Amino acid sequence: MTYELFSGEPAYSSWSLRAWLLFNRFDLQVRTTWVDFLDNSVAAQMAAHPPARTVPALRLPDGTIVWDSLALAEELASRHPEAGFWPSNSAARAVARSLAAEMHCSFSALRNDCPMNLCVAYRDTPASDGLRADIDRIEDLWAHARAKFGAEGPWLCGSYSIADAFFAPVAARIAGYGLAISEASSTYVDAHLNDLAFRRWRALAVARGVVLPWYSRDYPRTEWPGPATRPARAVSNGPSVNAVCPFSGKPVTHFAEVDGQTIGFCNPTCRDKVVADADAWPQLQTINQI
Ligand SMILES: N[C@@H](CCC(=O)N[C@@H](CS)C(=O)NCC(=O)O)C(=O)O
């Protein structure tokens, strides 16, 4: 029995993104159960796991439910002290904790005006005073952390930490709505868009293709501002260059053409997440020529 993460729809569930990134980024085994955002209330779907009413929620191996993303992050950090969820430097850790806590309970204008939607990108988003104030505060926080602890790499407090996972959906919103920010902040946003764990989550969102119109905004649309993806498409037939699925090791039944090469998978989900972003999946490196 391992961890079970109850997650919302990946294109839209910014709270779930943070929890999922923690598992993916820090290499912990987890079974993800997707909670439907379309047909039934989240609370009803979580009724079998009290007292959770929202996602993400985590079922620990002993059956205990953790139902808040900050608590979930803290619990993982306590259970896996060797994993580096928080910076080891005590000053950096104190700042990282403050960043995660402020992100957790703030920025309501950004959340309301710019709901996360990883399947579309907008330009010319109007900035209300509240939204501008949120962005200013976010940029101050990022600049503070990066000036103190960020010299060695792209992240806020040294190595990627819970603070970065918590700001990933903020970066996705800033990028997805084309909000004006400084060059230094853009560099930090780009680090998230290029992060392979973030790209895997977004590939899942694109592959699932669930469209929830109430998250949509009436602004002009543009291309997703993240890195270019390889040309890829689902195809009906093999043969494929591989006999077994790069994810499961099972015999291949579904196929995709990636850069002109046919690759096989054991189910449509494995195929479609690769079609969405082939370079995000290290499992494909096991196949020659990819
Ligand atoms: N404090 C919670 C908030 C989680 C939350 O609001 N999740 C949203 C999805 S992104 C949700 O489950 N909404 C469903 C609802 O409120 O009914 C946390 O940090 O995990």
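(A) Focus on the overall build of the protein. Along the protein, the regular secondary structure elements total 10 helices and nine strands. Over its C-alpha atoms the protein spans a radius of gyration of 19 Å, differing by no more than 12% from the 19 Å that the globule rule assigns to 290 residues. Taken along its principal axes, the extent of the C-alpha atoms in the protein is 55 × 45 × 40 Å. Looking at the protein alone, contacts between residues at least 24 apart form 68% of all its contacts between residues at least 6 apart. In the protein, 26 positive and 30 negative side-chain charges are present, and the distance between their average locations comes to 4 Å.

(B) Spotlight on the side chain of Ser161. Checked against the element boundaries, Ser161 lands in the loop between α6 (129-149) and α7 (162-176). Looking at Ser161, the relative accessible area reads 1%, which means it is buried. Among all residues touching Ser161, those that are not within four sequence positions of it are Phe26, Phe85, Pro87 and Ala96.

(C) Molecular detail of the sheet that holds strand β8 (residues 254-258). Reading across the sheet, the three strands line up as β7-β8-β9 and stay open at both edges, with antiparallel pairing between neighbours. Edge positions in the open sheet fall to β7 (232-235) and β9 (261-265), since each of these has one partner strand only. Strand-to-strand twist in this sheet, taken as the mean axis angle between neighbours without regard to direction, amounts to 30 degrees. As paired strands, β7 and β8 are joined by four bridges and run antiparallel to one another. Opposite Arg233, over in β8, you have Glu257 as the bridge partner.

(D) Here's a closer look at the packing of aromatic side chains. Here the structure, examined in full by the defined rule, presents 17 aromatic pairs. Here the aromatic rings of Trp20 and Trp201 are separated by 5.2 Å at their centres, their planes lie at 55 degrees, and the arrangement is tilted. Here Trp20, found in helix α1 (residues 14-25), pairs with Trp201, found in helix α9 (residues 196-208); they are 181 residues apart in sequence, far enough to count as distant. Residue Trp20 shares its accessibility class with Trp201, and that shared class is buried. Where Trp214 meets Tyr215, the ring centres are 6.3 Å apart and the plane angle is 35 degrees; that geometry is what we call tilted. Among the aromatic side chains, those forming a connected cluster through ring pairs are Phe26, Phe85, Phe107, Trp142, Trp155, Tyr160, Phe167 and Tyr188. Against the face of Phe166 rests Arg18, its NZ or CZ located 4.2 Å from the ring centre. Here Lys273 stacks its cationic end above the ring of Phe247, 4.0 Å away from the centre of that ring.

(E) Inspection of the pairing of β8 at higher detail. Relative to β9, β8 runs antiparallel, the two sharing five bridges. When the sheet's bridge partners are listed, Phe255 is paired in β9 with Gly264.

(F) Structural view of the site of the ligand. As a matter of local geometry, the ligand sits amid Ser13, Trp15, Phe37, Val42, Thr54, Val55, Pro56, Asp68, Ser69 and His104. Between the ligand and the protein, one listed contact pairs an oxygen atom with a side-chain N or O atom of Ser69 at 2.6 Å. The protein chains hide 69% of the 510 Å² of surface that the ligand would expose on its own. Looking at the shell around the ligand residue by residue, the class counts come to five nonpolar, four polar and one charged.

(G) Structural detail: the sheet that holds strand β4 (residues 65-66). Across the sheet, four strands lie side by side as β2-β1-β3-β4; this open sheet has mixed pairing. Each edge of the sheet is formed by a strand with only one pairing partner; in this case those strands are β2 (30-34) and β4. Across the sheet, α1 is in contact with β1 (3-7), β2 and β3 (57-59); its angle to β1 comes to roughly 155 degrees.

The rules behind each value
- Residues numbered from 1 in each chain as written.
- Predicted model: local features only at pLDDT ≥ 70, side-chain atom pairs only at ≥ 80, totals over all residues.
- Heavy atoms only, no water.
- Helix = DSSP H or I, 4+ residues; strand = E, 2+ residues; numbered from the N terminus.
- Rg over C-alpha atoms; globule rule 2.2 N^0.38 Å.
- Contact = heavy atoms within 4.5 Å.
- Lys, Arg positive; Asp, Glu negative; His and termini not counted.
- Charge placed at Lys NZ, Arg CZ, Asp CG, Glu CD.
- Buried < 20%, exposed > 50% of the residue type's maximum accessible area, 1.4 Å probe, protein only.
- Pairing = 2+ DSSP bridges.
- Axes fitted to C-alpha atoms, helices over the stretch in contact; angles between N-to-C directions.
- Phe/Tyr/Trp six-rings, centres within 6.5 Å; stacked < 30°, edge-to-face > 60°.
- Lys NZ or Arg CZ within 6 Å of the ring centre and 35° of its normal.
- Near = heavy atom within 4 Å.
- Polar contact = N/O pair within 3.5 Å; in protein donor to acceptor, adjacent residues only side chain to side chain.
- Areas by Shrake-Rupley, 256 points an atom, 1.4 Å probe, with all protein chains shown as cover.
- Nonpolar A, V, L, I, M, F, W, Y, C, P; charged D, E, K, R; others polar.

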